Amino acid sequence: MAQAAVAQRRGSAPARPGIPAGVIAGGGIIGAGALTLPDVPTAGIAACTIPPLALIGFTRWRSAKRRVVRDDLTEALAPLLGPALVVKCSRWEPKAFIHPRPGRIKITYSASARDFDPKWLQQLLATVDSRVGVRYAMEFHRSERKTIVLSTKEQEDDELDDSPKTQLQQRAAVTVTETLGKQSQAAYQWSGEVLEGIDVTIPDEIAVKLHSRMKRQQIERVITAMLPGRWRARWDIESTPARAHFEIRPSIPEGGVVHPPPVITDENRYLIPTGVTEDGETTVWDLKSTVPHGLTTGKTGTGKTVDILGIVMEWTCRSWAAWIADPKQIEFIGMRKWPNVQAIAVTVEEQMALIVRAWNLMEQRYTQIVAGEDERDFEPLLLVLDEYTDLRSAITHWWAENKPKGGPAKCPIFGMIGSLARKARSAKIHLLFGLQRPDAEILSGEVRDNLGFRHSLGRLSPEGARMMWGAPYIGTSVPRKIPGRGIAMDADGDPVESQSYWTPDPRRALRDRKEGDLDILRSLLPAEVTHPRFDILIDDEDAATWLDENGKSNYTAWAAIVEAHFRTSAQADEIIDLDTIPDDQEMAKEDTSVEQSPAARSDRHLRLVTDEDEDEDDGYEPSTITTSDRLQEGDLVLLDDEWVVVESAIADLEDEGMISISWRTDDDDAGEIALDADETLTVRRAAEHPDEEDS
C-alpha cells in the first residue's frame, strides 16, 4: 500500500453500491425540514429538497446524476476500450447540477485496445465530447499503464488557477455549502498557504436546526475530515444572522501539566481543579452543581489514579475530610499519612463498613436539617470508591458467602450507594467513582444522572464513548501514549479534550527523591490535621458484644460490618515528612507485587502503554481487511506500517467515490488522507463488549 500518511487527495473512483457519495459515514448529519434549490426543478424529483445541515437528499440526487454521466461514458467507450474499462470522474463543475460535467476524467482500459492507432484517440475524444457536451483534451497518456487522463478544453484555454491554495479554498467552499446550506456565506483567514479559520454566516432555516450539540459536533467532524488539520467551531446561534467561526484546534502542551499550588478563595473553594483544556482553561469539579458526584475512568497507564490523587489533595487542602476505598490495596499507600485523609479501607469488610458509615452520616445530617440546622454549615466529605467494578464484584461474592438467614438477595450496600447518589448532595457528601472502563450499571439510571463531574482518561471504544458522553465518537481518538490525556467537561458542561494535572504519588516521590515532584507535593500538603485518622475495627464472632443475656451469640458477618467501630488511630495526627529520606518508612518499601514496565518514564510514576500491553488487551478485535467506505470513528487503521485511529471518515463532498479520513497516532500526530471508496485497508475495530476487569 503506497498511500503516505499525509494530507493527500487522489483521483475519483466509482462510488460503491449502497454507499452514495455525500452520505456521512457512521450515520451522517441528519436534519429536518427542507431547503429547495432555486435552480433545480422540483417536478418529479422530491429528493431535490435539501435537509438542512448535511443536505443529504441533494447530495444523493447529485451523485445519482453524476453516476449517470459516468455510466453513460463507460457504455459508450466499451467498444473502443475493451471489457476492462474503468472510468473515474472528478473536479465536477460546481454549479452544473442538471447536466453534471467533470473537469477531469481518468480512464483505465483493456490491453486489447488499439491505443497505438492515431485515430483511436480521436474517436475517444469525440465520444467523450459528445456524451458530456464539453470539449476535452488529453492531459497525459501512459500506454504502458493503459491509462489516459482527459481534462476540459475550457480549463486548459482559460488557464485556471490550480494552485494548492485555490484548490483548498474551493474544497472549503464546497464543504461549507454542503454542511451549512447553499445560502451560507464564508470568509477565509489565511497564514500564507495555510487555512487557519473560516467565518460563516448561516441562513435562518439552517440555524434553527443547530441548537442540538450533537449536530454541531457532527459538522465539526465533517470539516475536520474534509480540510487539513483538526478543526473546531465557536457557534453564535442566537445572533441574527447566526454565525460560526471554524478554526484549527490548538495543541495541548506535550510533557504534561504540573499540578499548580492551590490558591483557595471564597469564590473557588467549591471548585476542585483537575486539569486544562486545549484552550488552557481549567477543568473543575463544581461541588455546588445540582449533580454533585464524580466519575473518573481509565485503564492502567492512562492516569486515572493520578487524577484521583489530585482531587483528594485539592480536597484535603481545603481542610475537608476524605475517605478512600482501595480494592487494589496499593494505589493509595502514599496517602496513609496525608493530612485529612481519615481512612483508607483495603479489605472488602472495611470498604463496606466505610460505605455504611457514610450512609449513616448522611441520614444523621438529614435528621439535623429536619431539626432546623442549616445544611450550609456542614463540611464537605469525599468518599472515593476506586476500582468500583472490582469492589462491586467483591461485595457480591462476600454477600453470597455471608448473607444472613432471611437477608435480601442483593447486598444492602448497593442500596446505600444508590441512596447516597440520590440524597448525599444536601448532606454535603460527595462520591467519586474510579473505573477502568465505562460501566453500564454506573452509567445508566439514577447514578449517572448524578455524575456532574466526569473524566475519561485514554481512548474510549465507541460503546464506552456512548455510555460516558452520549455519542459514539467522543474520546475514541485520544492518543494512547500520553498519560493524563482524555475527555473532561468544560465550564458549559460540554465534553472537551483535556490534560490532567500531574500529581505525584507521595510513596514513589519519597522513594525516588525527585525534587520537582516533592515540590509539587509540598505545595499541596495541608498545614495541619483538621480531621484525625481513624481505624476501622470489625468484631469477630468471639467478641463478647455478640452474647445476649443468655450467653448465646447473635453474631452475623453483616451485623459486624453494620456495627463496626471507628476509633481514632494511634498515629492520628502524624503528617507525612517530605523532607526526610525514608529508610524504614512503610511507604518507602518497594511493592514487589507490581511488575514495573521497562518503558516507565523517569520523571513520572505513570506506566506508559507498551506494544505488549496493547497486544494483550487493548480493547480492539483482531485485524481484518475492509474497504475505506466502511471505516468508522474509533477504528485502528494500518497506514505506512503504523496503527492510527480514525477520527472521522466521510464520503468526500467534492470528489465522488472518495472517502476523506482524518486520523491521529498514539503520540498525538494527526493528518488527513483521501482514498478510493473501494480501497482495502487493514483495520482493527473496537471490541463491542470488552472483557470486564478481573474480579
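Our subject is the structure that appears above.
Residues numbered from 1 in each chain as written. Predicted model: local features only at pLDDT ≥ 70, side-chain atom pairs only at ≥ 80, totals over all residues. Heavy atoms only, no water.

What am I meant to see in the overall build of the protein here?
The helix and strand inventory of the protein stands at 16 helices and 29 strands. Counting the 695 residues in the protein, one finds 53% classified as buried. Nonlocal contacts in the protein, meaning residues at least 24 apart in sequence, comprise 67% of its contacts between residues at least 6 apart. Roughly 31000 Å² of accessible area belongs to the protein as shown, and the carbon and sulfur atoms make up 48% of that amount. (Helix = DSSP H or I, 4+ residues; strand = E, 2+ residues; numbered from the N terminus. Buried < 20%, exposed > 50% of the residue type's maximum accessible area, 1.4 Å probe, protein only. Contact = heavy atoms within 4.5 Å. Areas by Shrake-Rupley, 256 points an atom, 1.4 Å probe, with all protein chains shown as cover.)

What should I look at first to understand the packing of helix α8 (residues 348–370) against helix α9 (residues 388–402) in this one?
Packed helix pairs are specified by the crossing angle of their axes together with the interaxial distance, meaning the distance between the axes. Across the interface, α8 lies against α9 with an axial gap of 10 Å and an inter-helix angle of 100 degrees. Considering their axes alone, α8 and α9 lie roughly perpendicular with respect to each other. Across the interface between the two elements, Val 348, Glu 349, Gln 351 and Met 352 from α8 touch Leu 391, Ala 394, Ile 395 and Trp 398 from α9. The residue makeup of the contact of α8 with α9, split by class, is 6 nonpolar, 1 polar and 1 charged. (Axes fitted to C-alpha atoms, helices over the stretch in contact; angles between N-to-C directions. Parallel < 35°, antiparallel > 145°, perpendicular 65-115°, else oblique. Nonpolar A, V, L, I, M, F, W, Y, C, P; charged D, E, K, R; others polar.)

I keep staring at the sheet that holds strand β27 (residues 658–664) and nothing clicks. Help me out?
Two modes of strand pairing occur in sheets, parallel and antiparallel, and in both the strands are linked by backbone hydrogen bonds. The strand order β24-β29-β25-β26-β27-β28 describes an open sheet built from 6 strands, whose pairing is antiparallel. Edge positions in the open sheet fall to β24 (624–627) and β28 (670–676), since each of these has one partner strand only. If you compare each strand with its neighbour and ignore which way they point, the axes differ by 45 degrees on average. Alignment of strand β26 (residues 642–651) against β27, held across 6 bridges, turns out to be antiparallel. Within β27, the residue paired with Ile 650 across the bridge is Ser 660. Together, β26, β27 and β28 form the strand contacts of helix α6 (residues 213–226), whose direction differs from that of β26 by roughly 115 degrees. (Pairing = 2+ DSSP bridges.)

Even after reading the chapter, I still don't get the pattern of salt bridges, so can you show me in this structure?
Close approach of charged atoms allows side chains with opposite charge to pair. The full count for this structure, using the stated rule, is 36 salt bridges. Its salt-bridge partner being Glu 220, residue Arg 249 comes within 3.8 Å of it at the nearest N-O pair. A residue pair is termed long-range when its members are at least 10 positions apart, and Arg 249 in the loop between β10 (242–248) and β11 (257–258) and Glu 220 in helix α6 qualify at 29 residues. Its relative accessible area of 12% is what places Glu 220 among the buried residues. Residues joined in a network through salt bridges with shared partners are Glu 220, Arg 232, Arg 234, Glu 247, Arg 249, Glu 278 and Asp 279. (Salt bridge = Lys/Arg side-chain N within 4 Å of Asp/Glu carboxyl O.)

Hey, could you run me through the packing of aromatic side chains in this one?
Scanning the model with the defined rule gives 12 aromatic pairs in all. Ring plane angle 35 degrees and centroid distance 5.3 Å describe the contact between Tyr 270 and Trp 320, whose orientation is recorded as tilted. One end of the pair, Tyr 270, is in the loop between β11 and β12 (271–277); the other, Trp 320, is in the loop between α7 (304–317) and β15 (321–325), and 50 residues separate them in sequence. Neither residue differs from the other here; Tyr 270 and Trp 320 are each classed as buried. Where Trp 323 meets Phe 534, the ring centres are 5.7 Å apart and the plane angle is 85 degrees; that geometry is what we call edge-to-face. With Trp 323 in strand β15 and Phe 534 in strand β22 (residues 534–537), the pair connects residues that are 211 residues apart, well separated along the chain. Relative accessible area serves as the criterion here: at 3%, Trp 323 is assigned to the buried category. The positively charged end of Arg 142 is found above the aromatic ring belonging to Phe 140, 5.3 Å away from the centroid. Positioned above the aromatic ring of Tyr 473, the side-chain terminus of Arg 221 is 3.9 Å from the ring centre. (Phe/Tyr/Trp six-rings, centres within 6.5 Å; stacked < 30°, edge-to-face > 60°. Lys NZ or Arg CZ within 6 Å of the ring centre and 35° of its normal.)

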